[in-house]
Amino acid sequence: MSSIITEVSLREKIAYGCGDLSSNLMWGMTSSYLMFYYTDIYGLPVVAVGWILLTARIFDAFCDPAIGYFIDRRGGHVVSRLIRSLAIPFGLFGCLCFVAMPLSPQGKIAWATLTYIVFGAIYSCINTPYGALGTMMTRSAQDRVDLNAFRMMGCQSGQFIVSLLTIPAITWLGGGSGMPQRQHGMAIYALVLAVTATVLWRYVGRICVTRYPPLPARHPPAVLLRALAWNRSWWICNALVFLQFVGLATLYGFALYYARVVLGGRAELGSILLTVATIMGFGGALVCPHGVRHLGVVGTAMTCLCVQVMAYALLFLAGGSTPFFLAAFSMLTLAQGIGSPLYYVLLAHAIDRGRLMSSANTAGMAYSINTLVTKVSMGVTGFLLASFLSYGHYTGGADTVFIGLKHWVTAGFVWLPLGSSALQLVFLALWPRGITPLPETA
């Protein structure tokens, strides 16, 4: 019987990171610029935008568990094939989200809702197998940390490209700064990103090896859900991820508004903030494995959250001072970059613990519901942020800023994520002691 190679090669780690690079070229665009595109480029009412973001996430409530159950029923070997098959639809509908169809006001809302819902469903069907893929590639604790560090580096690289290039690109490609020109430039830019994202997903499906694919599960959904219901660690992971994505959604979804309304800058300043965030996040992903070696997974996560709470307080104290704000903002995003990979490591540990508690294979269902939680978090947060803009009487493209709008934007960009960071500390304190990574070899 031939020996099984358990070490994940550098090439595979890079390929695995390309998955989140691909996701964030398109999904990152929706996180950072979709609300801005809807309000300031496509001209949708702010209230309608909030409902679009929330409705899409409600629809996803059916997609994520369904694809997770499909993976569990078919077994781990289906994961790579799913990723390859969905690469083209992912790019296509990601692009269509940013195509400004010349329709009536109601038609524009319907078009935006339809394209975003379909894109979210496809994202569910490709990102769930991608998340589960990491646990199937290795059972080495250090390899898992490395894989998720590469994943976060891919995430930050995609976000860096989007943050740095989007505002200048849509103006240059569209040939001007008027609304029709920006609509044209956004469509061309989104097409380029979509083609790149499609190629990257195909690369992930071809290179990454599933060394430990779970066998097909024959348990009905009720049995799988019951097994997950008894997994306390998995529940804590879902709570942590929900709160984590509140912070990420406010950071990337509201930075453009904060730069304009509170800091008194233009959209280009918001683009600079997003670029700084991705650079610091990328550096944090590089530092993450070293932090784990010294403080452990939970210790590193708690340290990062304490830094985030302090950074949010400093953002508020900075007021309209851009240099002071940038220093606190860099501190915040570095801590987020270090901490982000750790939630996926904790999720992998929770799934491993579930295997010891039940014979039911729940990996696909566990990851799918976790993915659902991230998107529900983003949808709820997006709805709240759009509501804050509405309460502050925000008007896209208007030069006049109401005084009350600054308070609402600050509430969305500072106080809401500060609360989510503090709650994460509470849930991390509840993490069961004695749950350790698997040994280095199978």
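Just above, that's the structure.
Residues numbered from 1 in each chain as written. Predicted model: local features only at pLDDT ≥ 70, side-chain atom pairs only at ≥ 80, totals over all residues. Heavy atoms only, no water.

### Brief notes about the packing of helix H1 (residues 10-41) against helix H8 (residues 232-261)
- Following both chains from N to C, one finds H1 and H8 inclined at 55 degrees, their axes separated by 5 Å at the closest point. Judged on the interaxial angle alone, H8 and H1 are oblique. Contact residues: H1 offers Ser31, Ser32, Tyr33, Met35, Phe36, Thr39 and Asp40, while H8 offers Tyr252, Gly253, Leu256, Tyr257 and Arg260.
- Taken together, the residues of the contact of H1 with H8 sort by class into six nonpolar, four polar and two charged. (Axes fitted to C-alpha atoms, helices over the stretch in contact; angles between N-to-C directions. Helix = DSSP H or I, 4+ residues; strand = E, 2+ residues; numbered from the N terminus. Parallel < 35°, antiparallel > 145°, perpendicular 65-115°, else oblique. Contact = heavy atoms within 4.5 Å. Nonpolar A, V, L, I, M, F, W, Y, C, P; charged D, E, K, R; others polar.)

### Observations concerning the pattern of salt bridges
- Overall, the coordinates contain four salt bridges when judged by the stated rule.
- A salt bridge links lysine 13 to aspartate 143; the shortest N-O distance between them is 3.6 Å. Here the residue lysine 13 occupies a position in helix H1, and aspartate 143 occupies one in helix H5 (residues 141-174), the gap between them amounting to 130 residues.
- Lysine 13 gets classed as buried once you look at its relative accessible area, which sits at 11%.
- Given a relative accessible area of 10%, aspartate 143 falls into the buried group.
- Put simply, aspartate 20 and arginine 151 hold a salt bridge, and the shortest N to O gap is 2.7 Å. Of this pair, aspartate 20 sits in helix H1 while arginine 151 is found in helix H5, placing the two residues 131 residues apart along the sequence. (Salt bridge = Lys/Arg side-chain N within 4 Å of Asp/Glu carboxyl O. Buried < 20%, exposed > 50% of the residue type's maximum accessible area, 1.4 Å probe, protein only.)

### Quick look at unusual backbone geometry
- Positive phi, normally seen in glycine, also occurs at histidine 393, with a value near 60 degrees.
- Inspection of the secondary structure puts histidine 393 in the loop between helix H11 (363-391) and helix H12 (403-429).

### Quick look at the packing of aromatic side chains
- What the rule picks out here adds up to 22 aromatic pairs.
- Pairing tryptophan 27 with tyrosine 123 gives two aromatic rings, centres 4.0 Å apart and planes at 5 degrees, and the pair type is stacked. Placement of the pair is tryptophan 27 in helix H1 and tyrosine 123 in helix H4 (residues 105-137), with a sequence separation of 96 residues. Here tryptophan 27 matches tyrosine 123 in class, with each residue buried.
- Summarising the aromatic geometry, the rings of tryptophan 234 and tryptophan 235 are spaced 5.4 Å apart at their centres and angled 65 degrees between planes, so their arrangement reads as edge-to-face.
- In this structure an aromatic cluster arises from ring pairing among Tyr16, Trp27, Phe90, Tyr116, Phe119, Tyr123, Tyr130 and Trp201. (Phe/Tyr/Trp six-rings, centres within 6.5 Å; stacked < 30°, edge-to-face > 60°.)

Note that every value here comes from positions in space, so none of it alone points to a role or purpose.
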